[in-house]
Amino acid sequence: MHPLTTRFRTGPRAVAIAASALIVLAAGCTSTSSSAEREFSDPQSVDPAATSDPADGERVGADAIITGRDYVYEGIPDVVRAGDTIAFVNASLEEAHELVVFPIAADETRPVEELWDELDPTGEPVLVSVAGPSQDGQLYVGDGTITDPGRYLAICFLPVGGDPELIFEQEGPVESDAPPHASVGMVAEIVVEA
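Residues numbered from 1 in each chain as written. Predicted model: local features only at pLDDT ≥ 70, side-chain atom pairs only at ≥ 80, totals over all residues. Heavy atoms only, no water.

### Side note on the environment of histidine 97
Going by this rule: Labels follow the DSSP assignment, with helices taken as runs of H or I lasting at least four residues and strands as runs of E lasting at least two, numbered in each case from the N terminus. By the criterion applied in these results, polar contacts are pairs of N or O atoms within 3.5 Å in which, for protein atoms, one can donate a hydrogen and the other can accept it, and in which residues neighboring in sequence qualify only through two side-chain atoms.
Summarising the element assignment, histidine 97 is placed in strand β7 (residues 97–103). Residues histidine 97 and proline 133 lie 36 residues apart in sequence; the distance between their C-alpha atoms is 7.7 Å. A distance of 2.5 Å separates polar atoms of two side chains, one belonging to histidine 97 and the other to aspartate 70.

So, in structure tokens, the structure goes:
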């Protein structure tokens, strides 16, 4: 198990998931049921006029820009080419979001909505980007590219309603009674082809 995990006490079985972004947070970063039975909420409808777009400066040259909103990912291309640069931005005005990307086994055929709850907490993500409200993501794992073709799980482990300042100030595991963003729909699939 990773030295740092986010723990959510949401059911009979505590869900302990590796939130690799917290490794960096702990190092002092000061940046601002069964899964088959789990029901995902409908994505919230967000009025684009009510959200401020993050600055473009950090995203120049990205091949794909994935946007996090409360509680969905938007802008994931049908296919990402191996080696393409992926940038993450947060369009939420109130919550921090993260893009944590894990490879999915080649023989796995289930949709990502059924896989996230079974994620091996010892697995290593290939990309982790974290962003405060209305901010560009900061890379903590990887260089913004995925080099191996295959299916990937994109997920946000941060707690629903979490205070972004507390999340970024946290040293060590984040304990929360709130469910993770993934439990209300912030899970997506990224398909990478050569």
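### Observations regarding the confidence of the model for the chain
Here is the rule: pLDDT runs from 0 to 100 and stands for how confident the predictor is about each residue. Contacts are assigned to residue pairs that have any heavy atoms within 4.5 Å of one another.
Looking at the chain as a whole, its pLDDT mean stands at 74, while 65% of the residues score no less than 70. Across residues 1–58, where pLDDT falls below 50, the model places 124 contacts with residues more than four positions away in sequence or in other chains.

### Looking at the pattern of salt bridges
Note the threshold: Put simply, a salt bridge is a Lys or Arg side-chain nitrogen that is within 4 Å of an Asp or Glu carboxyl oxygen. Whether a residue is buried, partly exposed or exposed follows from its accessible area with a 1.4 Å probe, protein chains only, as a fraction of its type maximum: under 20%, in between, or over 50%, in that order.
Within this structure, the stated rule accounts for five salt bridges. Here glutamate 193 ties to arginine 81 by a salt bridge, and the two come within 3.2 Å at their closest N and O atoms. Taken as a pair, glutamate 193 in strand β12 (residues 187–193) and arginine 81 in strand β5 (residues 80–81) lie far apart in primary sequence, 112 residues in all. By relative accessible area, glutamate 193 is classed as partly exposed at 35%. Linking arginine 110 and glutamate 118 is a salt bridge whose minimum nitrogen-to-oxygen distance equals 3.1 Å. Residue arginine 110 is classed as partly exposed on the basis of its relative accessible area of 28%. Three or more residues are tied together by salt bridges with common partners; here these are Glu108, Arg110 and Glu118.

### Quick word on the packing of aromatic side chains
Selection criterion: Geometry of aromatic contacts follows a simple scheme: Phe, Tyr and Trp rings, the Trp one being its six-membered ring, pair when their centres are within 6.5 Å, and the pair is stacked under 30 degrees between planes, edge-to-face over 60, tilted otherwise.
Evaluation of the coordinates by the stated rule reveals two aromatic pairs. Between tyrosine 73 and phenylalanine 88 the ring centres are 6.2 Å apart and the planes differ by 65°, which places this aromatic pair in the edge-to-face class. With tyrosine 73 in strand β4 (residues 72–74) and phenylalanine 88 in strand β6 (residues 86–90), the pair connects residues that are 15 residues apart, well separated along the chain. Judged on exposure class, the residue tyrosine 73 and its partner phenylalanine 88 are both buried. Between phenylalanine 102 and phenylalanine 157 the ring centres are 6.3 Å apart and the planes differ by 70°, which places this aromatic pair in the edge-to-face class. Of this pair, phenylalanine 102 sits in strand β7 while phenylalanine 157 is found in the loop between β10 (150–155) and α3 (164–169), placing the two residues 55 residues apart along the sequence.

### Regarding unusual backbone geometry
Residue tyrosine 71 is reached from aspartate 70 by a cis peptide bond, and omega for that bond is 0°. The residue tyrosine 71 is located in the loop between β3 (64–69) and β4 in this model. With a phi angle near 55°, serine 134 is a residue other than glycine that sits in the positive phi range. Position of serine 134 among the secondary structure elements: in the loop between β8 (127–131) and β9 (138–141).

### Some thoughts on the side chain of histidine 97
Given the relative accessible area of 0%, histidine 97 is considered buried. At 3.0 Å, the side chain of histidine 97 forms a polar contact with the side chain of histidine 181.

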